[in-house]
Amino acid sequence: MNRTHNNGELRINHIGEVVELKGWVAKKRNLGALVFIDLRDRYGMTQIIVNESMENIAREIKNEYIIY
């Protein structure tokens, strides 16, 4: 699996694209219907939003886990 972008590179013009990121979970916030994950690498940070359809995957993710 190769990353397509580094964290911190994504901008509004990337909406709708399929991207692959790698990094450590800096913080995870569960707001019920949505889970926010701050993914970091040496280049920056990207916020990932997980909806209810992927809740079972997001439940297993903890701080400092490596995800890709």
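The structure this text deals with has already been given above.
Residues numbered from 1 in each chain as written. Predicted model: local features only at pLDDT ≥ 70, side-chain atom pairs only at ≥ 80, totals over all residues. Heavy atoms only, no water.

Participant: I'd like to hear about the overall build of the chain, residue by residue, with values.
Facilitator: What the chain contains, in helices and strands, is one helix and four strands. In the chain, the succession of helices and strands from N to C terminus is β-β-β-α-β. The C-alpha radius of gyration computed for the chain amounts to 12 Å, which stays within 12% of the reference 11 Å derived for 68 residues, consistent with globular compactness. Dimensions of the chain, computed from C-alpha atoms along their principal axes, come out at roughly 30 × 25 × 20 Å. The burial tally for the chain puts 25% of its 68 residues in the buried class. Long-range contacts, defined as pairs at least 24 residues apart, comprise 37% of the intrachain contacts of the chain with a sequence gap of at least 6. (Helix = DSSP H or I, 4+ residues; strand = E, 2+ residues; numbered from the N terminus. Rg over C-alpha atoms; globule rule 2.2 N^0.38 Å. Buried < 20%, exposed > 50% of the residue type's maximum accessible area, 1.4 Å probe, protein only. Contact = heavy atoms within 4.5 Å.)

Participant: Can you lay out the pairing of strand S3 (residues 44–50) for me, pointing to particular residues and giving the numbers?
Facilitator: Note: strand S2 (residues 35–41) against S3, seven bridges, orientation antiparallel. What sits directly across from Ile 37, in S3, is Ile 48. Hairpin geometry of S2 and S3 is characterised by an intervening segment of two residues between the two adjacent antiparallel strands. (Pairing = 2+ DSSP bridges.)

Participant: Can you tell me about a nonpolar patch on the surface, naming the residues and giving the values?
Facilitator: Nonpolar side chains collect at one region of the surface, where Trp 24, Ile 66 and Tyr 68 lie side by side and expose about 370 Å² of accessible area between them. With respect to the helices and strands, the residue Tyr 68 is situated in the segment after strand S4 (66–67). (Patch = residues over 30% accessible without salt bridge, like charges linked within 9 Å, V, L, I, M, F, W, Y side chains within 5 Å. Areas by Shrake-Rupley, 256 points an atom, 1.4 Å probe, with all protein chains shown as cover. Salt bridge = Lys/Arg side-chain N within 4 Å of Asp/Glu carboxyl O.)

Participant: Help me get a handle on the packing of aromatic side chains, residues and values and all.
Facilitator: If you walk through the whole model with that rule in mind, you get zero aromatic pairs. Seen from the ring of Tyr 68, Lys 22 lies directly overhead, with NZ or CZ sitting 6.0 Å from the centre. (Phe/Tyr/Trp six-rings, centres within 6.5 Å; stacked < 30°, edge-to-face > 60°. Lys NZ or Arg CZ within 6 Å of the ring centre and 35° of its normal.)

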